[in-house]
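Read off the chains here:
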Amino acid sequence: MNTVALLGPCHPDRALAWQNGHPITYRRFLSEVATLAAQLPEKPTVINLADDRYRFLVGLAAALVRGQTTLLPPSRAPRALVQIAREYRNSYCLADGQEAIEGLPTCHIPHCEWGAAPNAPNAEVPQIPVDHTAVVAFTSGSTGSPRPHRKTWGSLVAVARSTGARLGLTASHPMTVVATVPHQHMYGLETTIMLPIQHGMALYAGRPLFPQDVQSALTEVPSPRVLVTTPLHIRACVAACMPLPQVECILSATAPLPVSLAKRAETLFQSDVYEVYGFTEAGSVATRRTVAGETWHVLDGITLHQESGRCSLRAPYLPESISFPDLVSLRGPHRFVLHGRGADVVNIGGHRVSFSDLNQKLNEIDGVQDGVFFLPDETGSSVTRLIAFVVAPGNSAEHILSALRTVIDPVFLPRPLHVVPTLPRNETGKLTRDALLGLLRELHGQDRHGT
Amino acid sequence: MSDKSPLEADVAKLIVQTLNLKIDPMQIQPEQPLFREGLGLDSIDALELSLAISQSYGYQIRSDDPEAVATFASLRSLCKLIEKNRTK
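Keep in mind it's a predicted model, so treat the numbers as computed, not measured.

Chemist: Explanation requested: the overall build of chain A in the structure shown.
Modeler: Counting secondary structure elements, chain A contains 11 helices and 27 strands. Taking 2.2 N^0.38 as the reference for a compact globule, 451 residues should give roughly 22 Å; the C-alpha atoms of chain A span a radius of gyration of 23 Å, in line with that estimate. Along the first, second and third principal axes, the C-alpha set of chain A runs to 75 × 50 × 45 Å. Taking contacts inside chain A between residues at least 6 apart in sequence as the whole, the part at least 24 apart equals 63%. Looking at chain A as shown, the accessible area adds up to about 19000 Å², and 51% of this sits on carbon and sulfur atoms. Positive and negative charge centroids in chain A, built from 38 and 38 side chains respectively, lie 3 Å apart.

Below is the structure:
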């Protein structure tokens, strides 16, 4: 059986994680993984809800050791979790706090001990079969139910290695990853979990949000450091003009990073700012240093193709060729330029979903006769939110919003949700963007006249 | 009717402007939750709001401050912290 080790080259007494200012060594990690693995229930799939990045990793690794698959739900919305739980009935939930999923048994990831664990046995690094389905990530399908994407252990390792090679990471010069992004989606999993464990690096267990948090997290861990984040957080840190400790490099993903912001960040933080482009179906695909130009360079092993008018990519670890969800034009087999989102895709603060999925969920709500989500023209720097128009006689906007809140990720909640008598459908039943913009102007006009 | 302090009224305005909420600042009740069931704010809003607050009041919000756990619980709790930590 073809296997790859859970960990890349690493020193057992070096820190794998920093939790509340304390190091946790690779040796202690292996011992905690072995202990937890022995306690896990005999089930094929697990939903790991741990908020602490290190404890999430312990849970993920223990599940791998037991040959189990970790499911990465598309959102933490209660209904989304229950939906996954229903499709994967024989699952359990791993948690490091009070989280639970209705209908699933919960297994608790214990608090870890800090320090070097000199007495921990010299645990062997587990070998994981390359074709084992390590995780299943989900995208919102157009049919309303989440579409699963299986990721083999071999594919996760391949992406981690090619990303590490691109960034020049070596085990002899291990860095510490501090990240503002969650670890339960592909970008977070790849850059803040897989990248560190495959390169003998360390990770910061918390997840800083505000600029002050980012500053103190970076101060808490030793140099050299990598900051994994998003344009939103970079913008906040730049606006706060807060001096950050020396950072070797900053990785940004989930939304386009404006060149002007990248320039200011590079100057302020004395660090190179790279963007990572990827999507759930393929994982991380390409990188670019934002200030160096618009061209994206694919990771080693990936090749680009133009097939019947669509751009797609292939990689040895992907079972088939995958189309880009965004509009791109190729510059040869290894480079491309990104032009924008596909027509049905919406991205709010790094969360991606299809309009058809949002509309279906809206129209499934009791009392809703017709409804549509709509993204108004984006305005400058702040995040533009969705608007919804709903025909629902006898129902208030609050009632529909509270129903929506249980089925979609909060970032997609419409602001505002307008209850209207009818939608401006044309003779073929279609809703054009112009008609929706017109309806919006009409409503704003009414607001101004105080009705 | 509003029983807001002058600071609460100002911060309510700041919230509505910063987050482009289509509501009247007067409608924000001082004890109403700002997140989820209340105004329905999320972590993107928290980040935007923290910036606006640091620019207007010189207070840098941080989430590991034990007091800050309740920072965004309501307009009132947010204003108490701003009052205590403001530098302008």
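Chemist: Mind showing me how you'd approach the packing of aromatic side chains here?
Modeler: Between two aromatic rings, the relevant description is the distance of the centres plus the angle of the planes. Residues and elements named next belong to chain A. Scanning the model with the defined rule gives 10 aromatic pairs over all chains in all. Their ring planes at 80° and their centres at 5.9 Å tell us that tyrosine 88 and phenylalanine 138 sit as a pair that is edge-to-face. With tyrosine 88 in the loop between α3 (78–87) and β6 (91–95) and phenylalanine 138 in strand β9 (residues 133–139), this pair connects stretches of sequence that are 50 residues apart. Pair check on accessibility: tyrosine 88 and phenylalanine 138 agree, each one buried. Each ring, one from tryptophan 296 and one from phenylalanine 336, has its centre 6.3 Å from the other, and the planes form 10°; the classification is stacked.

Chemist: Quick question: what am I supposed to make of the environment of valine 372 of chain A here?
Modeler: Residue and element names in this part refer to chain A. By the element assignment, valine 372 lies in strand β25 (residues 370–374). Classification of valine 372 by relative accessible area gives buried; the value is 8%. Separated by 18 residues in the primary sequence, valine 372 and valine 390 have C-alpha atoms spaced 6.6 Å apart.

Chemist: Just checking my understanding: could you explain the sheet that holds strand β7 (residues 106–108) of chain A for this structure?
Modeler: Across a sheet, strands are paired by hydrogen bonds formed along the backbone, either parallel or antiparallel in direction. Residues and elements named next belong to chain A. Sheet architecture is open: 6 strands sit in the order β7-β6-β4-β5-β9-β10, paired in mixed fashion. Where the open sheet ends on each side, the last strands, each with one partner, are β7 and β10 (147–152). Strand-to-strand, the axes of this sheet are offset by a mean angle of 30°, without reference to chain direction. As judged from the 6 bridges shared by β9 and β10, these two strands associate in the antiparallel manner.

Chemist: What am I meant to see in empty space enclosed by the protein here?
Modeler: Rolled over the atoms, a probe with the dimensions of a water molecule shows which regions are left empty. All names here are of chain A. The tally for this structure, following the rule as stated, stands at 3 cavities of 30 Å³ or more. Taken as a whole, the largest cavity spans an internal volume of roughly 40 Å³. Lys151, Ser155, Leu156, Val159, Met186, Glu190, Ala282, Gly283, Tyr317 and Leu318 are the residues that line the largest cavity. Listing elements by their share of the lining of the largest cavity, those giving two or more residues are α4 (153–167) and α5 (186–198). Tallied by class, residues from the lining of the largest cavity come to 6 nonpolar, 2 polar and 2 charged.

Chemist: Looking at this structure, how should I read unusual backbone geometry?
Modeler: Trans is the prevailing form of peptide bonds, just as negative phi is the prevailing case for residues other than glycine. All names here are of chain A. With omega at -5°, the peptide bond leading from serine 223 into proline 224 counts as cis. In this model, asparagine 20 sits at a positive phi of 50°, which is unusual for a non-glycine residue. Mapping asparagine 20 onto the fold places it in the loop between β2 (15–19) and β3 (22–25). When its relative accessible area of 59% is taken as the criterion, asparagine 20 is described as exposed. One non-glycine residue, glutamine 270, adopts positive backbone phi at about 50°. For glutamine 270, a relative accessible area of 58% puts it in the exposed group.

Chemist: What exactly am I supposed to notice about the confidence of the model for chain A here?
Modeler: Should pLDDT be low for a region, the predicted coordinates there are not to be read in detail. Looking at chain A, the pLDDT average stands at 89 and 94% of residues meet or exceed 70. Across chain A, the element-wise mean pLDDT spans from 79 in strand β24 (residues 351–354) of chain A up to 98 in strand β8 (residues 127–129) of chain A.

Chemist: Would you mind going over the packing of helix α1 (residues 6–18) of chain B against helix α2 (residues 43–57) of chain B with me for this structure?
Modeler: Two packed helices can be described by the angle between their axes and the distance between those axes. Residue and element names in this part refer to chain B. Contact geometry for α1 and α2: axes closest at 10 Å, N-to-C directions at 130°. It follows that α1 is oblique to α2 by the angle criterion. Where α1 crosses over α2, the two elements pack in a sense that is right-handed. Across the interface between the two elements, Leu7, Asp10, Val11, Leu14, Ile15 and Thr18 from α1 touch Glu48, Leu49, Ala52, Ile53, Ser56 and Tyr57 from α2. By residue class, the composition of the contact of α1 with α2 is 8 nonpolar, 2 polar and 2 charged.

Chemist: Would you explain the sheet that holds strand β15 (residues 272–279) of chain A in this entry?
Modeler: All names here are of chain A. Here we have 11 strands laid out as an open sheet, ordered β3-β2-β12-β11-β13-β14-β15-β16-β17-β22-β21, and mixed in their pairing. Each end of this open sheet is capped by a strand with a single partner; those strands are β3 and β21 (326–330). Mean inter-strand twist for the sheet, computed between neighbouring axes without regard to direction, equals 30°. Relative to β15, strand β14 (residues 249–252) is paired through 4 bridges, and the arrangement is parallel. Residue pairing for β15: isoleucine 250 is matched across the bridge by valine 273. The sheet strands contacting helix α2 (residues 53–65) are β2, β3, β11 (176–179) and β12 (202–204), and the helix crosses β2 at an angle near 135°.

Cut-off values and rules
Residues numbered from 1 in each chain as written. Chains lettered and ligands numbered in written order. Predicted model: local features only at pLDDT ≥ 70, side-chain atom pairs only at ≥ 80, totals over all residues. Heavy atoms only, no water. Helix = DSSP H or I, 4+ residues; strand = E, 2+ residues; numbered from the N terminus. Rg over C-alpha atoms; globule rule 2.2 N^0.38 Å. Contact = heavy atoms within 4.5 Å. Areas by Shrake-Rupley, 256 points an atom, 1.4 Å probe, with all protein chains shown as cover. Lys, Arg positive; Asp, Glu negative; His and termini not counted. Charge placed at Lys NZ, Arg CZ, Asp CG, Glu CD. Phe/Tyr/Trp six-rings, centres within 6.5 Å; stacked < 30°, edge-to-face > 60°. Buried < 20%, exposed > 50% of the residue type's maximum accessible area, 1.4 Å probe, protein only. Pairing = 2+ DSSP bridges. Axes fitted to C-alpha atoms, helices over the stretch in contact; angles between N-to-C directions. 1 Å grid on protein atoms, 1.4 Å probe; cavity = no way out; pocket = protein on both sides within 12 Å on 5 of 7 lines; lining within 4 Å. Points joined across faces, edges and corners; volume = space filled by probe spheres on them. Nonpolar A, V, L, I, M, F, W, Y, C, P; charged D, E, K, R; others polar. pLDDT = per-residue confidence, 0-100. Parallel < 35°, antiparallel > 145°, perpendicular 65-115°, else oblique. Left-handed = near helix turned anticlockwise from the far one by under 90°.

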